[in-house]
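Letter by letter, the chains look like this.
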Amino acid sequence: MPPYNQAKLWQLISPMLPIGAYHYSQGLEQAVERGWIRDRAEAVKWISELLHHTIAHIDLPIIHRAHRFWRSKDIPSLQYWDEVCRSHRETRELRDEEDAMGLALMRLATELNQPIPPWRPGYVVAFSVFAVNAEISETDALSGYAWAWCENQVVSATKLIPLGHTEGQLVLRDLIEQIPIAVDEALECSDEDIGNSAPGLALASMWHETQYSRIFRS
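Note that the coordinates shown come from a computational prediction; the quantities given were computed from them, not determined experimentally. (Residues numbered from 1 in each chain as written. Predicted model: local features only at pLDDT ≥ 70, side-chain atom pairs only at ≥ 80, totals over all residues. Heavy atoms only, no water.)

Before going further, it helps to examine the nonpolar core. Leu60, Leu105 and Phe127 are the most contacted members of the largest nonpolar core, which totals 71 residues. Counting residues per element, this core draws most heavily on helix H3 (residues 40-71), which supplies 15 residues. Not counting the four nearest positions on each side in its chain, Leu60 is found in contact with Ile55, Leu142, Tyr145, Ala146, Ala182, Val183 and Ala186. (Core = buried A, V, L, I, M, F, W, Y, C linked by side-chain atoms within 4.5 Å. Buried < 20%, exposed > 50% of the residue type's maximum accessible area, 1.4 Å probe, protein only. Helix = DSSP H or I, 4+ residues; strand = E, 2+ residues; numbered from the N terminus. Contact = heavy atoms within 4.5 Å.)

Spelled out as structure tokens, the structure:
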């Protein structure tokens, strides 16, 4: 990737990106509350399994397709995969997260004078649109999305378990090795194989919606 395009990828996955990713733990807060995650090893296990069972079988293969369809301006196919992605958000708060972050990213794209689809896509498709507009390749977009998701999960774990900053970096070290594997899984995923269920995530997210005291929105 040319250096200028690298900088655009860094912008897209930066924690400073004004899309509110830091508001969401994706069920991790409830998992900690219930004692499922108590230390660094359990955090690595939880995040790694979600990376392979959900991100590599839903988010990443849809980004792979959405990137191609936005590049070719195949709007009906792009919208189809946006709907497929939303259908795999199993709880209200996960659907709200998809909507809110997608809207925020498309608002930013508009401010940066980028073209956007004629409807409000969720975050996964919005990420793909932004990546194409920034001339970020499919594989770099997949790796960048996986990295940003892992980093946000680790930041959440650092606050919630809690973990020290060094422990958080050790978690990231272990997850970094899993990202290329997750990207390969996504690239090999057929249309029929897109979609997976993580019952623990669904339950944690559902219970989190009524958690009495919480830091995160999901």
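From this point, the narrative continues.
So, about the packing of helix H5 (residues 92-111) against helix H6 (residues 123-133). Viewed as axis vectors pointing N to C, H5 and H6 meet at an angle of 20 degrees, and their least axial separation amounts to 7 Å. When the interaxial angle is binned, H5 and H6 end up roughly parallel. Crossing handedness for the pair H5 and H6: left-handed. Residues Glu98, Met101, Gly102, Leu105, Met106, Leu108 and Ala109 of H5 pack against Tyr123, Val124, Ala126, Phe127, Val129 and Phe130 of H6. Its residues assigned to classes, the contact of H5 with H6 shows 11 nonpolar, 1 polar and 1 charged. (Axes fitted to C-alpha atoms, helices over the stretch in contact; angles between N-to-C directions. Parallel < 35°, antiparallel > 145°, perpendicular 65-115°, else oblique. Left-handed = near helix turned anticlockwise from the far one by under 90°. Nonpolar A, V, L, I, M, F, W, Y, C, P; charged D, E, K, R; others polar.)

A complete count under the given rule lists 10 salt bridges for this structure. The partner of Arg89 in a salt bridge is Asp59, and the shortest N-O contact between them spans 3.1 Å. Here Arg89 is found in the loop between helix H4 (75-87) and H5, whereas its partner Asp59 is found in helix H3, with 30 residues between them in sequence. Overall, Arg89 belongs to the buried group, its relative accessible area being 13%. Arg86 is the salt-bridge partner of Asp82, the closest N and O atoms lying 3.2 Å from each other. A residue pair is termed a helical-turn pair when its members lie 3 or 4 positions apart in one helix, as Asp82 and Arg86 do in helix H4 at 4 residues. (Salt bridge = Lys/Arg side-chain N within 4 Å of Asp/Glu carboxyl O.)

Taking 1.5 Å per residue as the helical rise, H4 with its 13 residues ought to reach 18 Å, and the 18 Å between its terminal C-alpha atoms agrees with that figure. Leu78, Trp81, Asp82, Val84 and Cys85 are the residues of H4 that are buried. Buried residues along H4 cover an arc of 160 degrees about the axis, so they all sit on one side. Away from the buried face of H4 by more than 90 degrees, exposed residues Pro76 and Ser87 are located. (Expected span 1.5 Å × (residues − 1). Arc of directions from axis to C-beta.)

A separate point is the packing of helix H7 (residues 138-160) against helix H8 (residues 165-176). Look at H7 against H8: their axes get within 10 Å of each other, and the N-to-C directions meet at 150 degrees. Of the possible angle classes, the one that applies to H7 and H8 is roughly antiparallel. Viewed along their axes, H7 and H8 form a crossing whose handedness is right-handed. In this structure, H7 uses Trp147, Cys150, Glu151, Val154 and Thr158 to contact H8, whose residues at the interface are His165, Gly168, Val171, Leu172, Leu175 and Ile176. When its residues are assigned to classes, the contact of H7 with H8 shows 7 nonpolar, 3 polar and 1 charged.

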